[in-house]
Amino acid sequence: MTNVPWLSVLWLVPLAGSILIILTPPGLRQLAKWTGVIVSILTLAVALVVALGFKTGGAPYQFLEKHPWIPAFGAGYNLGVDGIAVILVLLTAILIPLLLVAGWNDGGEGTRGVHAYVALTLAIESMVLISVVALDVLLFYVFFEAMLIPMYFLIGGFGKGAGRSRAAVKFLLYNLFGGLIMLAAVIGLYVVTAQHGSGTFDFREIVAGISSGRFAGVDPAVFKALFLGFMFAFAVKAPLWPFHRWLPDACVEATPATAVLITAVMDKVGTFGMLRYCLQLFPDASTYFRPLIVTLAIVGVIYGAIVAIGQKDMMRLIAYTSISHFGFIIAGIFVMTTQGQSGSTLYMLNHGLSTAAVFLIAGFLVSRRGSRLIADYGGVQKVAPILAGTFMVSAMATLSLPGLAPFISEFLVLLGTFNRYWLAGTFGVTALVLAAIYMLWLYQRVMTGPVAEGNERITDLRLRELVVVAPLMALLFVLGVYPKPVLDIINPAVDHTMVTIGQHDPAPTVTRPVLGATPGRAEGPHQ
């Protein structure tokens, strides 16, 4: 068992499943669906093996695999996981089977529509998984870009909105442009390593070279330019304001399951890239641009919340809440405190779970009524109490109610932000009030009051839908009251990142009265 290449198995199982489903005869639509679910459950089993086998007190990177890939260019098939990657592996592996069950009828009635839908979903899972376990910059980049193609077809080919083709093209163009800039930065990084030794794409070797001073002779402006190349691509994918314009359209025009795949799974590769590649490959440049990025993140937090309040479309409202939440995640990463980065990593997990719950339950409701407009609803809790109750829980999680999973992660991010930038933290707190406004108002308009005309035919959650919702509800409650096991995995990886980039938590400051001074006045801050 110890010699099993678990990380290779992890991403190859869904890829093999995707190929198998494409080869399944066209008429066997149910077989294609069940094959997808079984393959995704097998992937979850492998992910659990990796998570349970990961030693929190062990080496920073574990389950290492290293094989030559393109030796002439210093590129290798290098895999490994730290605590941050383990959390994202678990999130991806947990959500995919739930999304396949939630989107059971999303493949359409075409001869091979179901096969394509399930195969594309598994292909994205495979590419996300290898992206978060890759320890070679070029290997990461290849799959970071490759996942755009299956997602383009999922949005454009299987979306329910009239503008799905336009949304798919917009998604692809935004992300391809970001990827093109990143490609230039990847090549530039290789040139820098080649000029100061042997050229390599090995992530750990480059980071070790930076820590040892191997690249001390490189002009800091070069590293700043390379940092911006990586950061731009990650900011588009995450997305960070003002590079977010593609996200609302993609989420609204896609199926709810695909919207969750975008916001809860694929976009996390962007924030993961910031935490791993931007900070550790370019620590000085990250520190230089830190105030700007934290400012943009906090603007995104407030912008997403305010725009969400004014939405008339239920799915678009939920999409804008994700822009606000991604602002919190990015702020926590770049304030460069242990609380902020631990909170951000935990936020990636918790946001994935809460967004999956609220998007999918809203999707179940829209499929019954046939409308995304909030004004068409009212009184749903009278005709579908379980649907309304689970939506209330997911809505409370979205606004970070204490006792539900997102609360502790948002609290840690705000705590870390206050320790470094108290003004940014102050503005960030306003989003808590705005979140209460948009989620509670949404629930009030949709679920309470008299039953609106046409809503009397809405039925409650069915067994298949309960199978999807129940695990999400359970995880939101369990992680809300007992996040320790997850933080025990995250914290050593965050500590390693902080040491690698040479950052320390700011020391607390106090004021000491000057002897004989007027009461109420104090000497300047002392550490």
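Residues numbered from 1 in each chain as written. Predicted model: local features only at pLDDT ≥ 70, side-chain atom pairs only at ≥ 80, totals over all residues. Heavy atoms only, no water.

In the nomenclature of an unreviewed UniProt entry, the protein is known as NADH-quinone oxidoreductase subunit M of Mycobacterium lentiflavum. Recorded in UniProt for the protein, the comment headed Sequence similarities (unreviewed entry) runs: "Belongs to the complex I subunit 4 family." (UniProt positions renumbered as here; feature names shortened; annotations may be inferred.)

Enquirer: So, the side chain of Ser324: which residues are in play, and what are the values?
Expert: As for its position among the elements, Ser324 is in helix H14 (residues 314-334). Accessibility expressed as a relative area gives 2% for Ser324, which makes it buried. (Helix = DSSP H or I, 4+ residues; strand = E, 2+ residues; numbered from the N terminus. Buried < 20%, exposed > 50% of the residue type's maximum accessible area, 1.4 Å probe, protein only.)

Enquirer: Hey, could you go over the environment of His351 for me, with residue numbers and the actual values?
Expert: Tracing the backbone shows His351 in helix H15 (residues 338-369). Accessibility expressed as a relative area gives 1% for His351, which makes it buried. Each C-alpha atom, one on His351 and one on Gln341, is 15 Å from the other, the two residues being ten residues apart in sequence. Setting aside chain neighbours within four positions, we find His351 in contact with Thr263, Lys268, Ser322, His325, Phe326 and Ala356. At 2.8 Å, the side chain of His351 and the side chain of Lys268 are in polar contact. (Contact = heavy atoms within 4.5 Å. Polar contact = N/O pair within 3.5 Å; in protein donor to acceptor, adjacent residues only side chain to side chain.)

Enquirer: Describe the pairing of strand E2 (residues 75-81), and please don't skip the residues or the numbers.
Expert: The buried fraction of E2 is high, at seven of seven residues. Taking every second residue as pointing to the same face, both faces of E2 are buried, with Ala75, Tyr77, Leu79 and Val81 on one and Gly76, Asn78 and Gly80 on the other. In terms of strand pairing, strand E1 (residues 62-70) meets E2 through six bridges, oriented antiparallel. The residue bridging Pro68 from the neighbouring strand is Gly76, located in E2. (Pairing = 2+ DSSP bridges.)

Enquirer: Which residues make up the packing of helix H18 (residues 405-420) against helix H19 (residues 422-447), and what values do they have?
Expert: Running from amino to carboxyl end, H18 crosses H19 at an angle of 155°, the nearest separation of the two axes being 6 Å. When the interaxial angle is binned, H18 and H19 end up roughly antiparallel. Each of Glu410, Leu414, Thr417, Phe418 and Arg420 in H18 lies in contact with H19, whose residues at this interface are Trp422, Ala424, Gly425, Thr426, Gly428, Val429 and Leu432. When grouped by side-chain class, the residues that make up the contact of H18 with H19 number six nonpolar, four polar and two charged. (Axes fitted to C-alpha atoms, helices over the stretch in contact; angles between N-to-C directions. Parallel < 35°, antiparallel > 145°, perpendicular 65-115°, else oblique. Nonpolar A, V, L, I, M, F, W, Y, C, P; charged D, E, K, R; others polar.)

Enquirer: Got a sec to walk through the confidence of the model for the protein? Specific residues and values, please.
Expert: In the predicted model, the protein carries a mean pLDDT of 88, and the fraction of residues at 70 or more is 95%. A low-confidence stretch, residues 517-527 stays under pLDDT 50, and its non-local contacts, those more than four residues away or across chains, total 17 contacts. (pLDDT = per-residue confidence, 0-100.)

Enquirer: Describe the pattern of salt bridges, naming the residues involved and giving the relevant values.
Expert: Counted according to the given criterion, the structure contains eleven salt bridges. With a closest N to O distance of 2.7 Å, Arg372 and Asp313 form a salt bridge. Of this pair, Arg372 sits in the loop between H15 and helix H16 (380-383) while Asp313 is found in the loop between helix H13 (283-309) and H14, placing the two residues 59 residues apart along the sequence. One salt bridge in this structure joins Arg462 and Glu465, with 3.4 Å as the shortest N-O distance. Using a relative accessible area of 46% as the deciding quantity, one classes Arg462 as partly exposed. The exposure class assigned to Glu465 is buried, which follows from its relative accessible area of 2%. (Salt bridge = Lys/Arg side-chain N within 4 Å of Asp/Glu carboxyl O.)

Enquirer: Before we move on, could you go through the nonpolar core and cite the residues and values that matter?
Expert: Grouped together as the largest cluster of nonpolar side chains are 199 residues, with contacts concentrated most on Val137, Phe230, Leu281 and Phe334. It is helix H3 (residues 83-102) that provides the largest number of residues to this core, a total of 16 residues. Apart from residues lying up to four places away in sequence, Phe230 is in contact with Val137, Met182, Ala185, Val186, Leu189, Tyr277, Cys278, Leu281 and Phe282. (Core = buried A, V, L, I, M, F, W, Y, C linked by side-chain atoms within 4.5 Å.)

Enquirer: Which residues make up the UniProt feature "domain: NADH:quinone oxidoreductase/Mrp antiporter transmembrane" (unreviewed entry) in the protein, and what values do they have?
Expert: UniProt annotation of "domain: NADH:quinone oxidoreductase/Mrp antiporter transmembrane" (unreviewed entry) refers to residues 134-431 when read in the numbering used here. In residues 134-431, helix accounts for 80% and strand for 0%; the two terminal C-alpha atoms are 35 Å from one another.

Enquirer: Help me get a handle on helix H2 (residues 29-53), residues and values and all.
Expert: Compared with the 36 Å implied by 1.5 Å per residue over 25 residues, the 36 Å span of H2 between its first and last C-alpha is a close match. All buried positions along H2 are accounted for by Ala32, Lys33, Thr35, Gly36, Val37, Val39, Ser40, Thr43, Val46, Ala47, Val50 and Ala51. Check the buried side of H2 and you find it contacts helix H1 (6-23), E1, E2, H3 and helix H4 (113-133). (Expected span 1.5 Å × (residues − 1).)

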